[in-house]
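A look at the structure
Here is what each chain is made of, one letter per residue.
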Amino acid sequence: MSLIGLFSVIILILIGFFLFKEAFQIFYKAGALKVIFGKAWYPTSDPPSFGMFPLIMGTLSVTVLTAVIAIPLGLATAIYIAEVANYRVKEFLKPLIEMLASFPSVVLGFFGMVIIAPILSNWLSPVLSEKLPALLRDTNLPFLSTTLADFCYNKLFISSGLNIFTASLMLTVRAIPVIASIAEDALTAVPRTYREASYSLGAGKWETIWKVVIPAAVSGLSVAVILGIGTIIGETMIVLMVAGGAAVVPHWIFDPARPMPAAIAAEMAEAPYKSLHYHALFGVGAILFIFTFALSLISDFISKKYRAVRIGEKV
Amino acid sequence: MNEHVPFELVRKKRFNFKENFFLSLIRTLGFTGAVILFVILVFVAYNGVHVLSWDFITQPPVDAMTKGGIFPVIVGTVFLTLLCMIVVIPIGVTTAIFLAEYAKPGMLLNMVRMSIYTLAGVPSVVFGLFGLAVFVVVLNFGMSLLAGSLTLAVMILPYIISTSEEAIKAVPYSFKEASLACGATKWQTIRRVILPTAMPGILTGSILGTAKVSGETAPIMFTAAAFFTPGIPRSLFEPVMALPYHIYVLATAGTFIEETRPIQYGTALTLIVLVLGMNLLGIILRARQRGRKAW
């Protein structure tokens, strides 16, 4: 019986073993530091260059931008479901969020490609980078007509709709249900007596949520955020289809990028078996694995601590 | 949670700007996810519904995929998903029984729990790499139905374990005590009392897991999915077409990206109907079980 229990442990060890076994070649032959911080990812040119820095920065930029959008939305959804909504809305909204969580990401990527990207490049870009600066220049106000107009003209021009921003929008859709469902569990676990005590002192609903419920659930909420970030980092199809695919270090949110999962998914099919490119992609996978492994460890640590506190405090 | 405290009783008498502002903000933002889901559904349905027909789902693609249906694609996804579930459910449920009934607190249990937790966070593309290295190469299954199903099985294992464990733990302790008091052994109790009582919950978890698996692309990209296969797979060692991969390939890699748009919409709609339909089934089943429980 305990052998079966060990099955998942063995699987995890096997995943780590095979990833690092196949990745070892690239880190050994090309030098680990050179691979991780190398700025040139030209796997198919001659001689090939396997600098993963652009891929890592691609993942990082997409993740940060998505986190900025998705964390407030996810937490707001959780607060709405757990604290504000009445019973009927709650029974309706919760399954919807759950459905969004298992929504096929390839369809999200497809949606981003055929709808969001054209909207950005054909419609939003002319408005923001041409009409808006012209309007601002006409005002002849000190800051508006110069600095801000130039900023709009230079920075809000979107040459291709497939970029970090579009990818982040679609990744937000992926991250909201993950964050919302875990955060909702955390909020629901806060004992009712806390809220009653707060109300009896004359606090309002929002005051209670902000000053009592959220602080009491803060560790659970941070687990939700961390696992949400883990989902964003590992999400493959969306970044593969809408992030643009350019393996250069991005400088601005409308630049294209090639995050790590996209590089693996796009290139694995054409990388010859046991070639350096093949090993390099396993190297990217190994880095991805380490990232998500670390996030899991952190959130497990937090939630264990949190559980201990909860049991002690349970009224 | 707090519908027991009527809002009217605790609200301050005078108009409170901060209260109203933030509560309205939460009320608005809280619907974002639902609105997005609705928008995407309507968009795909609007563009895809006129493509769907009996022929579309029962005919193979013709003319370099620019015409015809998606029959082998649907069959591929169904085979992949079914085979994955046949493999993963026994392992997942046994692990759950172990965790809920046999495991004693200690190092081993901590390790198992930790590994399940970590496994659940591993990105799907990394499972794809694992499947490539182990099932395709080391075990020499090649790009095949079997390799893809096993990869998917490894990916969904943590989900099946945790939903099954929850179902088993929801069986009241008194059921177990009653059975043991009748002289049943532990294994008899599990087999005759606990498992049958937990079975609806386990099934619901499996249906929801099936929904998740059938929409996954990254794990099957280098382990099972083919751009084109002439018919339905005849053995476990043949590559298959699959709905999510079909959408990806037609939308990005084909030479007729614009010409195949209707087929892309149709395939996307089929996938959504399949995934969300199963999801809905699982959710309804779960709600009914919750309502029916008499203990």
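Residues numbered from 1 in each chain as written. Chains lettered and ligands numbered in written order. Predicted model: local features only at pLDDT ≥ 70, side-chain atom pairs only at ≥ 80, totals over all residues. Heavy atoms only, no water.

1. Looking at the overall build of chain B
Which entries qualify depends on this criterion: A helix here means a DSSP run of H or I that spans at least four residues, while a strand means a run of E at least two residues long, and both kinds are numbered starting from the N terminus. Buried means the residue's accessible area, taken with a 1.4 Å probe over protein chains only, is under 20% of the maximum for its type, while exposed means over 50%, and partly exposed covers the values in between. When checking whether two residues touch, look at their non-hydrogen atoms; a contact exists if any pair is within 4.5 Å. The method behind every accessible area is Shrake-Rupley, applied with a 1.4 Å probe, and residues are considered shielded solely by the protein chains displayed. In this tally Asp and Glu are treated as negative and Lys and Arg as positive; neither His nor the chain ends contributes. Just so you know, the charge point we use is NZ for Lys, CZ for Arg, CG for Asp and CD for Glu.
Scanning chain B for helices and strands turns up 13 helices and two strands. Counting only C-alpha atoms and orienting by the principal axes, one finds that chain B spans roughly 65 × 65 × 35 Å. The buried share of chain B, taken over its 295 residues, is 52%. Across chain B, contacts joining residues at least 24 apart in sequence account for 75% of those joining residues at least 6 apart. For chain B, the computed accessible surface area is about 13,800 Å², with 68% contributed by carbon and sulfur atoms. If you average the places of the 22 positive and of the 13 negative side-chain charges in chain B, the two averages end up 12 Å apart.

2. Some words on the pattern of salt bridges
Residue and element names in this part refer to chain A. Inclusion rule: Here a salt bridge means any side-chain nitrogen of Lys or Arg lying within 4 Å of a carboxyl oxygen belonging to Asp or Glu.
Scanning the entire structure with this criterion turns up 11 salt bridges over all chains. The salt bridge involving E22 is made with K21; its shortest N-O contact spans 3.6 Å. With a relative accessible area of 2%, E22 lands in the buried category. In this structure K21 comes out as partly exposed when scored by relative accessible area, which is 39%. Across the pair E22 and K274 runs a salt bridge, and its minimum N-O distance is 3.3 Å. Separated by 252 residues along the polypeptide, E22 in helix α2 (residues 7-30) and K274 in the loop between α13 (260-267) and α14 (276-313) bring together distant segments of the chain.

3. Considerations on the environment of S102(A)
Relative to the helices and strands, S102(A) resides in the loop between α5 (87-101) and α6 (105-139). Separated by 60 residues in sequence, S102(A) and L162(A) place their C-alpha atoms 24 Å apart. Filtering out sequence-adjacent residues up to four positions away, S102(A) remains in contact with R174(A), K212(B), V275(B) and N279(B).

4. Some thoughts on the confidence of the model for chain B
Low-pLDDT portions of the prediction should not be read for the details of their coordinates. The condition that has to hold: A residue's pLDDT is the predictor's confidence in that residue, given on a scale from 0 to 100.
Confidence in the prediction for chain B averages 86 pLDDT; 92% of positions are at 70 or higher. In the predicted complex, the global pTM is 0.89; the interface-specific ipTM is 0.89.

5. Observations regarding the nonpolar core
Counted only if it meets this: Only buried residues count toward a nonpolar core. Its members are Ala, Val, Leu, Ile, Met, Phe, Trp, Tyr and Cys residues joined through side-chain atoms within 4.5 Å.
Residues I15(A), V107(A), F282(A) and Y248(B) are the most contacted members of the largest nonpolar core, which totals 172 residues. In this structure I15(A) touches F289(A), L119(B), V126(B), F127(B), F130(B) and V154(B), once residues within four positions along its chain are discounted. Membership of the second largest hydrophobic core comes to 11 residues, among which are V93(B), I168(B), L195(B) and A198(B).

6. Details of the packing of helix α7 (residues 124-138) of chain B against helix α8 (residues 145-169) of chain B
Residue and element names in this part refer to chain B. Note the threshold: Throughout, an axis means a line fitted to C-alpha atoms (over the contacting stretch in the case of helices), and angles, computed between N-to-C directions, take values from 0 to 180 degrees. Small angles under 35 degrees read as roughly parallel and large ones over 145 as roughly antiparallel, with 65 to 115 read as roughly perpendicular and the rest as oblique. Two helices that cross are described as forming a left-handed crossing if the nearer one is turned anticlockwise from the farther one by less than a right angle, and a right-handed crossing if clockwise.
Two elements in contact, α7 and α8, have axes separated by 9 Å at closest approach and are oriented at 135 degrees. Judged on the interaxial angle alone, α8 and α7 are oblique. You can see that α7 and α8 cross each other, and the crossing is right-handed. Counted together, S124, F127, G128, F130, G131, F135 and V136 of α7 and A147, L150, T151, V154 and M155 of α8 form the full contact between these two elements.

7. Focus: helix α3 (residues 32-48) of chain B
For clarity, the cut-off: Expected span of a helix, by definition, is 1.5 Å for each gap between consecutive residues, and there is one gap fewer than residues.
With 17 residues, α3(B) ought to run about 24 Å at 1.5 Å a step, and its terminal C-alpha atoms sit 24 Å apart, in line with that. Taken residue by residue, α3(B) has T32(B), G33(B), A34(B), L37(B), I40(B), F43(B), V44(B), N47(B) and G48(B) as its buried positions.

8. Points about the interface of chain B and chain A
Here is the rule we go by: Throughout, buried area stands for the accessible area (probe radius 1.4 Å) lost by two parts on being put together, summed over both. Any pair of N or O atoms that falls within 3.5 Å is considered a polar contact. Within protein, one atom must be able to donate a hydrogen and the other to accept it, and sequence-neighbouring residues count only if both atoms are side-chain atoms.
Listed by partner, the interface residues are 81 residues for chain B and 84 residues for chain A. Taken over both partners, the interface formed by chain B and chain A buries close to 7,400 Å², and the fraction arising from carbon and sulfur atoms is 80%. Seen at the junction of chain B and chain A, the total is one salt bridge. A salt bridge links E98(A) to R286(B); the shortest N-O distance between them is 2.8 Å. Between chain B and chain A we count seven residue pairs in polar contact (both at pLDDT 80 or more) in total.

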